[in-house]
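# Analysis of the macromolecular model
Here is what each chain is made of, one letter per residue.
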Amino acid sequence: MRVNVTVNGEQRQADDVWEGESLLFMLRERLGLPGSKNACEQGECGSCTVYLDDVPVCACLVAAGQAQDRSVRTVEGLADGDSLDPVQEAFVEAGAVQCGFCTPGLVVQAHDLLDRVPNPSDPEIREALAGNLCRCTGYEKILDAVRLAASRR
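Residues numbered from 1 in each chain as written. Predicted model: local features only at pLDDT ≥ 70, side-chain atom pairs only at ≥ 80, totals over all residues. Heavy atoms only, no water.

Looking up the protein chain in an unreviewed UniProt entry gives the name (2Fe-2S)-binding protein, with the organism given as Lentzea aerocolonigenes.

The following block contains the structure:
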C-alpha cells in the first residue's frame, strides 16, 4: 500500500508499505529518517518516540497505515534547519547523551513536557520521562538537560 503522510512539515509518500509494518520502520527504512531508534519493538523503552498529530507515541506500536493523511514530527523535525531546538542543545550541553540510543525519544518527550509545562518540577520531569529507558546514565544529566532547556525557553 501507499502511505501519504506529512513528516516534519513536508508531504511524503511511502510505497510498498506492508500491512503489519510499523510507523518506525516506515520512517527509518522507507523515508530515510534514522533519528528514532528501534530498540524494544514493544513500546517499553521510548527510544522511538515521535509526535503523531502533536501527541507523543511509540512509533514501533503504530501501524504505518495509521499515519495516512496525518502529521508526524520526529527528532529531526525539532531542529530549525541547522539550528537545534533548545531541548536538543541542552541535552548536548548538559552531557545527557552517552551512547545516544535513548536520546531521540527522551528529547521528543522532554520537548512535549516543556510545551505543556514550561517550568516543570523534578517529579513532573520524572513522570514525563518515565516511559523512556536509558541504560547508560543515572538519569541525573538527563534531568539537568530538561531543567536547562526549561530555563532557556
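This is not the end of the story, as more comes after the structure.
### A word on the state of the cysteines
For the coordinates displayed, the defined rule picks out zero disulfides. Here Cys-60 is not cross-linked by a disulfide; its sulfur's nearest cysteine counterpart is in Cys-48, at 3.7 Å. The exposure class of Cys-60 is buried, given its relative accessible area of 14%. There is no disulfide at Cys-99, and the cysteine sulfur nearest it, in Cys-136, is 3.7 Å away. For Cys-99, a relative accessible area of 56% translates into the label exposed. (Disulfide = S-S within 2.5 Å. Buried < 20%, exposed > 50% of the residue type's maximum accessible area, 1.4 Å probe, protein only.)

### Considering the packing of helix H2 (residues 86-93) against helix H3 (residues 103-116)
When two helices pack together, you describe them by how their axes are tilted relative to each other and by the distance separating the axes. Put simply, H2 and H3 touch, their axes get as near as 9 Å, and they point 125 degrees apart. Comparing the axis directions of H2 and H3 gives the class oblique. Classified by chirality, the crossing of H3 by H2 is right-handed. Residue-level contacts link Val-87, Gln-88 and Phe-91 of H2 to Thr-103, Leu-106, Val-107, Ala-110, His-111 and Leu-114 of H3. Of the residues in the contact of H2 with H3, the class split is six nonpolar, three polar and no charged. (Axes fitted to C-alpha atoms, helices over the stretch in contact; angles between N-to-C directions. Helix = DSSP H or I, 4+ residues; strand = E, 2+ residues; numbered from the N terminus. Parallel < 35°, antiparallel > 145°, perpendicular 65-115°, else oblique. Left-handed = near helix turned anticlockwise from the far one by under 90°. Contact = heavy atoms within 4.5 Å. Nonpolar A, V, L, I, M, F, W, Y, C, P; charged D, E, K, R; others polar.)

### A word on the side chain of His-111
When you line up the elements, His-111 lands in helix H3. A distance of 2.7 Å separates polar atoms of two side chains, one belonging to His-111 and the other to Tyr-51. In contact with His-111, other than residues within four places in its own chain, are Tyr-51, Arg-73, Leu-78, Asp-85, Val-87 and Arg-153. (Polar contact = N/O pair within 3.5 Å; in protein donor to acceptor, adjacent residues only side chain to side chain.)

### What about the nonpolar core?
Residues Val-87, Phe-91, Leu-129, Ile-142 and Val-146 are the most contacted members of the largest nonpolar core, which totals 25 residues. Those elements giving two or more residues to this core turn out to be H2, H3, helix H4 (122-128) and helix H5 (140-152). Discounting chain neighbours no more than four positions away, the residues touching Val-146 are Phe-91, Ala-110, Leu-113, Leu-114, Ile-125 and Leu-129. By size, the runner-up hydrophobic cluster in this structure holds 22 residues, among which are Leu-27, Leu-31, Cys-48 and Ala-67. (Core = buried A, V, L, I, M, F, W, Y, C linked by side-chain atoms within 4.5 Å.)

### Let's talk about the domain arrangement of the protein chain
According to the domain assignment, the protein chain consists of domain 1 (3-75) and domain 2 (86-152). Relative placement of domain 1 and domain 2: their C-alpha centres are 21 Å apart. Each side of the interface is counted separately: domain 1 has 16 residues, and domain 2 has 14 residues. For the pairing of domain 1 and domain 2, the buried interface totals around 1,200 Å² over both sides, and the portion due to carbon and sulfur atoms is 57%. Counting across the interface, domain 1 meets domain 2 through zero salt bridges. For the pair domain 1 and domain 2, the interface holds six residue pairs in polar contact (both at pLDDT 80 or more). Class assignment of the residues belonging to the side of domain 1 that touches domain 2 gives a composition of six nonpolar, six polar and four charged. (Domains from an automatic or database assignment. Buried area = accessible area lost by both parts, 1.4 Å probe. Salt bridge = Lys/Arg side-chain N within 4 Å of Asp/Glu carboxyl O.)

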